[in-house]
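# Structure assessment
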Amino acid sequence: MTTTGPHDIAEADRRFRVWMRQNLERAADHFDLTITADPVFGWRDRSISAPAVAPDGSSWLRVVSEQTQWAQGHAWTGNADANHVHGLPKPRVLDVYEWAEGDWRRQRAEVMTILPGTPCSPTDTARPGLDPSDGWWNGLHDALLRLASTPTQRISTDQDKVDLRVHAAFGDDADVRIQRWETVHGDLHWANLLDPLSILDWELWGRGPVGTDAATLYCYSLPVSGLAQKVHDHFPVLDTPDGHRAQLYVAARLLHRATLGDHPHLAEPLRDLATKLLR
C-alpha cells in the first residue's frame, strides 16, 4: 500500500499553485491585461487574484478553480450577480471568462474594478491592534442596512442549512428556528474588509438569517476581546433574539470549518459563546 506523507502533500500543493498561476496568466492574456504585482491565493488555494493594468486603466483579476460538479449555482456567479447591489462600497465585475480543464475542473476568471485601501487583516480572523475609526464602523453599519433591504432571489443560508450545522455542532436538542430573514453578505470576515471601507468577495451573498453579517464579524473577532466588544457595540442586533440565533448558526458553521483545519484557535471561544447562548 502506498502512503501519502507530508512531503507528498506539500509537493502537490506547490504544483497546484504553479498551475493556478498559469491560469491567472491565461486569463490575463484573454483580457489583454498585464499583472502588476505578486498574486494572492484565496481559501485553500481555490482562487488566485492580482492587480492588473490595461490601456484603459487598472483592474483586479481573479480566477477561481472548482470541480465540475460545483462550478455552478449562486456561489459560482456571486461576484457578478452582486453588480445588482447598489449604494455600497464594493467592486464591480466588468467581464467574465470561463473555460474547462478536461472533465474534472472548471475555471472562472473575473475582471473587477480595483478599490483603494488595504485588507483589515491578512486572514479571516482579526489581527492584534486592529482598530478601525468610528467613521469606518458607521459606514459598515450603513452598508449592511442597505444590503439587508436589497431584494434578491439568491439564497445564502436557509433553515435546512442552519439545522444541519447547529445540530452537528450542538446536538439535536439545539433548535434554532429562524424567525426573520434579510439579504446578507454571507462571509463578512476581516480579510474581506478594506480600510478605507470596501467589502470584497460576494460569492455567498443572498437571503440569510437577520444578523448573520454582524454575527460573522463578531465570531471572527472573538480572540481580540476589545475588537469583539466594538463589533457588539456597533451592531445592537447581536443583543436581540434574532442576533442570538444568528450567532449560534455562525458559531456552528465556523466550528465545522475548524474541524477541517481552518482557524483552530477559534474553536474554544466559539464553544464558550455557544454555551452562553444556549442557556
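Everything here concerns the structure above.
In this text the structure is predicted, and so the values were computed from the model without any measurement. (Residues numbered from 1 in each chain as written. Predicted model: local features only at pLDDT ≥ 70, side-chain atom pairs only at ≥ 80, totals over all residues. Heavy atoms only, no water.)

Attention shifts here to the overall build of the protein. Each helix and strand counted, the protein has 8 helices and 11 strands in total. The dimensions of the protein, computed from C-alpha atoms along their principal axes, are 55 × 55 × 40 Å. A total of 279 residues make up the protein; the buried ones form 49% of that total. Taking all contacts inside the protein whose residues are at least 6 apart in sequence as the whole, residues at least 24 apart take part in 69%. Carbon and sulfur atoms provide 51% of the accessible area of the protein, an area that totals close to 14100 Å². (Helix = DSSP H or I, 4+ residues; strand = E, 2+ residues; numbered from the N terminus. Buried < 20%, exposed > 50% of the residue type's maximum accessible area, 1.4 Å probe, protein only. Contact = heavy atoms within 4.5 Å. Areas by Shrake-Rupley, 256 points an atom, 1.4 Å probe, with all protein chains shown as cover.)

With that settled, consider the packing of aromatic side chains. By the definition in use, this model includes 7 aromatic pairs. Relative to Trp190, the ring of Trp136 lies with its centre 5.8 Å away and its plane at 20 degrees, an arrangement referred to as stacked. Note that Trp136 is positioned in helix α3 (residues 134–148) and Trp190 in the loop between β8 (181–184) and β9 (193–195), a separation of 54 residues in sequence. Exposure remark for Trp190: the relative accessible area of 0% places this residue in the buried category. (Phe/Tyr/Trp six-rings, centres within 6.5 Å; stacked < 30°, edge-to-face > 60°.)

Moving on: helix α2 (residues 74–81). Every buried residue belonging to α2 is among Trp76, Gly78, Asn79 and Ala80, and all of these are buried. Against the buried residues of α2 lie β4 (57–67), β5 (93–101) and β6 (105–112).

Attention now goes to the side chain of Asp262. Relative to the helices and strands, Asp262 is located in the loop between α7 (241–259) and α8 (267–278). Overall, Asp262 belongs to the buried group, its relative accessible area being 12%. Within the local environment of Asp262, its side chain forms a polar contact with the side chain of Arg44, the two groups lying 3.2 Å apart. In this view, Asp262 contacts Trp43, Arg44 and Arg257; residues no more than four positions away in its chain are not counted. (Polar contact = N/O pair within 3.5 Å; in protein donor to acceptor, adjacent residues only side chain to side chain.)

Residues Leu140, Trp190 and Leu193 are the most contacted members of the largest nonpolar core, which totals 51 residues. Tallying contributions element by element places α7 first for this core, with 9 residues. Those residues within four positions of Leu140 in sequence are excluded, and the remaining contacts are Leu188, Leu193, Leu197, Ile199, Leu217 and Phe235. Core analysis: the second largest hydrophobic core is formed by 18 residues, Leu24, Ala27, Leu33 and Ala52 among them. (Core = buried A, V, L, I, M, F, W, Y, C linked by side-chain atoms within 4.5 Å.)

Turning to the packing of α3 against helix α6 (residues 225–234), a few remarks are in order. α6 packs onto α3 with a crossing angle of 50 degrees between their chain directions and a minimal axis gap of 11 Å. Between α3 and α6, the interaxial angle falls into the category oblique. For the element pair α3 and α6, the recorded crossing hand is right-handed. Residues Trp137, Asn138 and His141 of α3 touch α6, and the partners they reach there are Leu227, Lys230, Val231 and His234. Across the contact of α3 with α6, the residue classes tally to 3 nonpolar, 3 polar and 1 charged. (Axes fitted to C-alpha atoms, helices over the stretch in contact; angles between N-to-C directions. Parallel < 35°, antiparallel > 145°, perpendicular 65-115°, else oblique. Left-handed = near helix turned anticlockwise from the far one by under 90°. Nonpolar A, V, L, I, M, F, W, Y, C, P; charged D, E, K, R; others polar.)

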